[in-house]
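The lines below spell out each chain.
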Amino acid sequence: MEAYALLLAATLNAGTVLALAALGLLINEKAGVVNLGAEGMMLCAAITGFATVVHTGNDWLGFAAGMGAGALLAALFGVLVIWLNTNQYATGLALSLFGVGFSAFAGIRYVQEKLPERPQFALPWLSDLPFVGPALFRQHPLVYGAMALALGLIVFLYRTRAGRVLRAVGESPESAHALGYPVRRIRLAAVVAGGALCGLAGAYISVIYTPLWVEGMVAGKGWIALALTTFATWRPARVLLGAYLFGGVTMLQFHLQGLGVDVPSQVLTMLPYLATIGVLALISRNPTWIRVNMPASLGKPFFPGS
């Protein structure tokens, strides 16, 4: 039972990375913008957050720095695609490639660096409960923060005026513009907010999830988070559940290796990516279902006055 409790705890930890990034991308896409640069933003945020903690010893400053790096890159992306009307897909891929290269260059001197002693978190009394204590109540605060963020996004998107305006911009920017809403500024704000969350996810990887810096350590999680928004049909609660599902698949490989399962380690390492491809293949069999749930103007440029 202890092994399963640790597996569940690791699943929540791994799922938090995907949840933070995917919820950020969800905000982008609800406003009608596709950002394929999540991988690059997360890598730049990972090295920024790690370097900040190395020099300051403060994890929360590292998270703030990571969010700042993600927001800055997202703002650059937003200016290019929203004001200069560059292609969203090509610009996002360019951002991802830039992030991979820049993070590798900037992180050379931090490869051998070590972070200060990691603090241990536990909720009083609850953490001492059998099974559920080590599984659920000894997590980093950001694990619970991701859950609260998903709940907050549900309330924001479906219960507030600002959330309805954001969704309207993603569904019909022409109509929103005709009603007097600043479509481009709303889209830019959504892109920056999404980039900040991707940055937080990247910093979480290098500071908490695997507290070290290695080139390319995000290892495709940005792409999985991007696929997760489609898998969840652009619903925050489903994004959270999907993140934990993919997190569980990721941790399952280590659990199976620990049990001595006679399967090549390369096959086990492939599990999260095979799961992503399989889910997308299943979803693609029903394009109508995707079209009904997808923001109508997703990926489409908007030209005021046209």
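Here, every reference points to the structure presented above.
Cut-offs used in this document
Residues numbered from 1 in each chain as written. Predicted model: local features only at pLDDT ≥ 70, side-chain atom pairs only at ≥ 80, totals over all residues. Heavy atoms only, no water. Helix = DSSP H or I, 4+ residues; strand = E, 2+ residues; numbered from the N terminus. Rg over C-alpha atoms; globule rule 2.2 N^0.38 Å. Buried < 20%, exposed > 50% of the residue type's maximum accessible area, 1.4 Å probe, protein only. Contact = heavy atoms within 4.5 Å. Lys, Arg positive; Asp, Glu negative; His and termini not counted. Charge placed at Lys NZ, Arg CZ, Asp CG, Glu CD. Arc of directions from axis to C-beta. Phe/Tyr/Trp six-rings, centres within 6.5 Å; stacked < 30°, edge-to-face > 60°. Axes fitted to C-alpha atoms, helices over the stretch in contact; angles between N-to-C directions. Parallel < 35°, antiparallel > 145°, perpendicular 65-115°, else oblique. Left-handed = near helix turned anticlockwise from the far one by under 90°. Nonpolar A, V, L, I, M, F, W, Y, C, P; charged D, E, K, R; others polar. Polar contact = N/O pair within 3.5 Å; in protein donor to acceptor, adjacent residues only side chain to side chain. Salt bridge = Lys/Arg side-chain N within 4 Å of Asp/Glu carboxyl O. Disulfide = S-S within 2.5 Å.

Caption draft 1: Here's a closer look at the overall build of the chain. For the chain, the helix and strand inventory stands at 13 helices and zero strands. Listed N to C, the secondary structure of the chain is α-α-α-α-α-α-α-α-α-α-α-α-α in terms of helices and strands. Here the chain has a C-alpha radius of gyration of 20 Å; the compact-globule value for 306 residues is 19 Å, and the two agree. C-alpha extents for the chain along the principal axes are approximately 60 × 45 × 40 Å. Expressed as a percentage of the 306 residues in the chain, the buried residues total 50%. Within the chain, residue pairs in contact and separated by at least 24 positions form 78% of the contacts whose partners lie at least 6 positions apart. Separation between the mean location of the 18 positive side-chain charges and that of the 11 negative ones in the chain comes to 16 Å.

Caption draft 2: Just helix H7 (residues 161–171), in detail. For H7, the set of buried residues is Gly-163, Val-165, Leu-166, Val-169 and Gly-170. Taken end-on, H7 shows its buried residues confined to a sector of 160°, consistent with a single buried face. The secondary structure elements touched by the buried residues of H7 are helix H1 (2–30), helix H6 (141–159), helix H8 (173–178) and helix H9 (183–209).

Caption draft 3: Up close: the packing of aromatic side chains. Overall, the coordinates contain three aromatic pairs when judged by the stated rule. Between Trp-60 and Phe-63, the aromatic rings sit 5.2 Å apart at their centres with planes inclined by 75°, giving edge-to-face as the arrangement. One end of the pair is Trp-60 and the other is Phe-63, both in helix H3 (residues 59–83) and three residues apart, which spans about a single turn. On the basis of relative accessible area, Trp-60 is assigned to the partly exposed category, the value being 47%. With a relative accessible area of 3%, Phe-63 lands in the buried category. An angle of 15° between the planes, with centres 5.5 Å apart, marks the rings of Phe-98 and Phe-102 as stacked.

Caption draft 4: Inspection of the environment of Ile-277 at higher detail. Tracing the chain through its elements places Ile-277 in helix H12 (residues 265–284). Considered as a pair, Ile-277 and Ile-224 are 53 residues apart in the sequence and their alpha carbons are 9.3 Å apart.

Caption draft 5: How the structure looks around the packing of helix H2 (residues 38–56) against H3. Contact geometry for H2 and H3: axes closest at 7 Å, N-to-C directions at 150°. By the criterion of interaxial angle, the relationship of H2 to H3 is roughly antiparallel. Crossing handedness for the pair H2 and H3: right-handed. Between H2 and H3, the contacting residues are Met-41, Cys-44, Ala-45, Thr-48, Gly-49, Thr-52, Val-53 and Thr-56 on the first element and Asp-59, Leu-61, Gly-62, Ala-65, Gly-66, Ala-69, Gly-70, Leu-73 and Ala-74 on the second. Counted by class, the contact of H2 with H3 contains nine nonpolar, seven polar and one charged residues.

Caption draft 6: Local environment of the side chain of Glu-29. Along the chain, Glu-29 falls in helix H1. At 3.4 Å, the side chain of Glu-29 forms a polar contact with the side chain of Thr-229. Setting aside residues up to four positions removed in sequence, Glu-29 forms contacts with Leu-226, Thr-229, Trp-234, Pro-295 and Leu-298.

Caption draft 7: Summary view of unusual backbone geometry. Although it is not a glycine, Phe-131 sits at a positive phi angle of roughly 65°. Structurally, the position occupied by Phe-131 is in the loop between helix H4 (88–106) and helix H5 (132–136). Owing to a relative accessible area of 32%, Phe-131 belongs among the partly exposed residues under this scheme. Positive phi outside glycine occurs at Trp-234, with the angle close to 60°. Secondary-structure assignment places Trp-234 in the loop between helix H10 (221–231) and helix H11 (236–258).

Caption draft 8: Inspection of the pattern of salt bridges at higher detail. A full pass over the atoms with the stated rule returns one salt bridge. Asp-59 is paired through a salt bridge with Arg-118; the nearest N and O atoms lie 2.9 Å apart. One end of the pair, Asp-59, is in helix H3; the other, Arg-118, is in the loop between H4 and H5, and 59 residues separate them in sequence.

Caption draft 9: Representation of the state of the cysteines within the structure. Here the structure, examined in full by the defined rule, presents zero disulfides. Cys-44 supplies the cysteine sulfur nearest to Cys-198, a cysteine that is in no disulfide, at a spacing of 12 Å.

Caption draft 10: Structural detail: the packing of H1 against H6. Direction vectors running N to C along H1 and H6 enclose 25°, while the axes themselves pass 9 Å from each other. Comparing their axes, H6 and H1 come out roughly parallel. By crossing handedness, the relation of H1 to H6 is classed as left-handed. Here Leu-12, Thr-16, Ala-19, Leu-20, Leu-23, Leu-26, Ile-27 and Lys-30 of H1 come into contact with H6, specifically with Leu-142, Val-143, Ala-146, Met-147, Leu-149, Ala-150, Leu-153, Leu-157 and Tyr-158. Here the residues of the contact of H1 with H6 sort into 15 nonpolar, one polar and one charged.

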